[in-house]
Amino acid sequence: MKKLALILLLSCSSLSLFAQHIFSTTKGSVSFFSETLLENIQADNSKTAAIINAETNEMAVQMRITDFQFPNKLMQEHFNENYLESEKFPTSVFKGKIKEKADLNVAGTYQVTAEGTLTMHGVSHQVLIPGTVVSDGKQLKLDFKFPVKLEDYKIEIPTIVFSKIAEVVDVSGNMVLDKK
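Residues numbered from 1 in each chain as written. Predicted model: local features only at pLDDT ≥ 70, side-chain atom pairs only at ≥ 80, totals over all residues. Heavy atoms only, no water.

**Notes on the packing of aromatic side chains**
No. 1: Within this structure, the stated rule accounts for six aromatic pairs.
No. 2: Aromatic side chains Phe32 and Phe79 sit 5.4 Å apart centroid to centroid with 20° between the ring planes, which places their arrangement in the stacked category. Residue Phe32 is found in strand β1 (residues 22-35), and its partner Phe79 is found in helix α2 (residues 73-83); the two are separated by 47 residues along the sequence. Judged on exposure class, the residue Phe32 and its partner Phe79 are both buried.
No. 3: Between Phe68 and Phe79, the ring centres sit 5.8 Å apart and the planes meet at 70°, which makes this aromatic pair edge-to-face. Remark: Phe79 occurs in helix α2 and Phe68 occurs in the loop between β3 (58-64) and α2; sequence separation between them is 11 residues.
No. 4: Relative accessible area serves as the criterion here: at 8%, Phe79 is assigned to the buried category.
No. 5: By way of ring pairs, the aromatic residues Phe32, Phe68, Phe70 and Phe79 are connected into one cluster. (Phe/Tyr/Trp six-rings, centres within 6.5 Å; stacked < 30°, edge-to-face > 60°. Helix = DSSP H or I, 4+ residues; strand = E, 2+ residues; numbered from the N terminus. Buried < 20%, exposed > 50% of the residue type's maximum accessible area, 1.4 Å probe, protein only.)

Here you go:
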């Protein structure tokens, strides 16, 4: 995971390795929830890497698809092999910037919107992700929730299970990022 965090750090070209305004984690939590009349599906990934530059408000989030854990192992196998094709597309990445002029180095609660590119299943789309950042100056607590339309990312659901998987899933997350 430290290697993943380093890759994230280097992918944000304007981020400085030694800056006092860098916050990061390798233990962020991202979940998704699919609700239908026949079945609800939830999976959690607690190994998500994230970095935020509090000076420029640039951010990046990356996770391995295989790190999502399901209550049902067969469901997890189908998710990785048939839907997200995690061998072919092993990661999901968000790179963007917080739109609001929030000084995250200063303690406070900030309602923010991250604007950027979400890449999943080999497809990239511009997205807006609303969230809340609570800063104490040394740590950021980030919470967010947004919908993802599976069709937008060319995630195909076989007809036989179409009524069990929602066309739009809710993605949510919470992370604690420490100042580096």
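Back to the write-up after that little detour.
**Comments concerning the sheet that holds strand β6 (residues 123-135)**
No. 1: With antiparallel pairing, the eight strands of this closed barrel are ordered in space as β1-β2-β3-β4-β5-β6-β7-β8. Strand-to-strand twist of the sheet, defined as the mean angle between neighbouring strand axes without regard to direction, takes the value 25°.
No. 2: Alignment of strand β7 (residues 139-149) against strand β8 (residues 168-179), held across 11 bridges, turns out to be antiparallel. Paired with Gln139 across the strands is Asp178, a residue of β8. (Pairing = 2+ DSSP bridges. Axes fitted to C-alpha atoms, helices over the stretch in contact; angles between N-to-C directions.)

**Some words on the layout of surface pockets**
By rolling a water-sized probe across the atoms, one finds the places where empty space is left.
No. 1: By volume, the largest pocket amounts to about 740 Å³.
No. 2: Around the largest pocket, the lining comprises 42 residues; the ones closest to its centre are Phe32, Phe68, Phe79, Leu84 and Val169.
No. 3: Of all the elements, α2 adds the most residues to the lining of the largest pocket, at five residues.
No. 4: Its residues placed into classes, the lining of the largest pocket shows 34 nonpolar, six polar and two charged. (1 Å grid on protein atoms, 1.4 Å probe; cavity = no way out; pocket = protein on both sides within 12 Å on 5 of 7 lines; lining within 4 Å. Points joined across faces, edges and corners; volume = space filled by probe spheres on them. Nonpolar A, V, L, I, M, F, W, Y, C, P; charged D, E, K, R; others polar.)

**A short note on the pattern of salt bridges**
No. 1: Under the criterion given, the structure shown has two salt bridges.
No. 2: Close ionic contact of Asp67 with Arg64 constitutes a salt bridge, the shortest N to O distance being 3.2 Å.
No. 3: A residue is classified by how much of its surface remains accessible, and Asp67, at 9% relative accessible area, is buried.
No. 4: Between Glu151 and Lys149 there is a salt bridge; the shortest N-O distance is 3.5 Å. (Salt bridge = Lys/Arg side-chain N within 4 Å of Asp/Glu carboxyl O.)

**Thoughts on the confidence of the model for the protein**
No. 1: The predicted model of the protein has a mean per-residue pLDDT of 89, with 86% of residues at 70 or higher.
No. 2: Across residues 13-18, where pLDDT falls below 50, the model places nine contacts with residues more than four positions away in sequence or in other chains. (pLDDT = per-residue confidence, 0-100. Contact = heavy atoms within 4.5 Å.)

**Brief notes about the pairing of β8**
No. 1: Pairing of β1 with β8 involves seven bridges; the strand directions are antiparallel. The residue of β8 that forms the bridge with Phe23 is Lys179.

**Observations regarding the environment of Ala166**
No. 1: Mapped onto the fold, Ala166 is located in the loop between β7 and β8.
No. 2: We classify Ala166 as buried; its relative accessible area is 10%.
No. 3: Taking the C-alpha atoms as reference points, Ala166 and Leu37, separated by 129 residues in sequence, lie 9.4 Å from one another.
No. 4: Among residues more than four places away in sequence, those in contact with Ala166 are Ser34, Glu35, Thr36 and Leu150.

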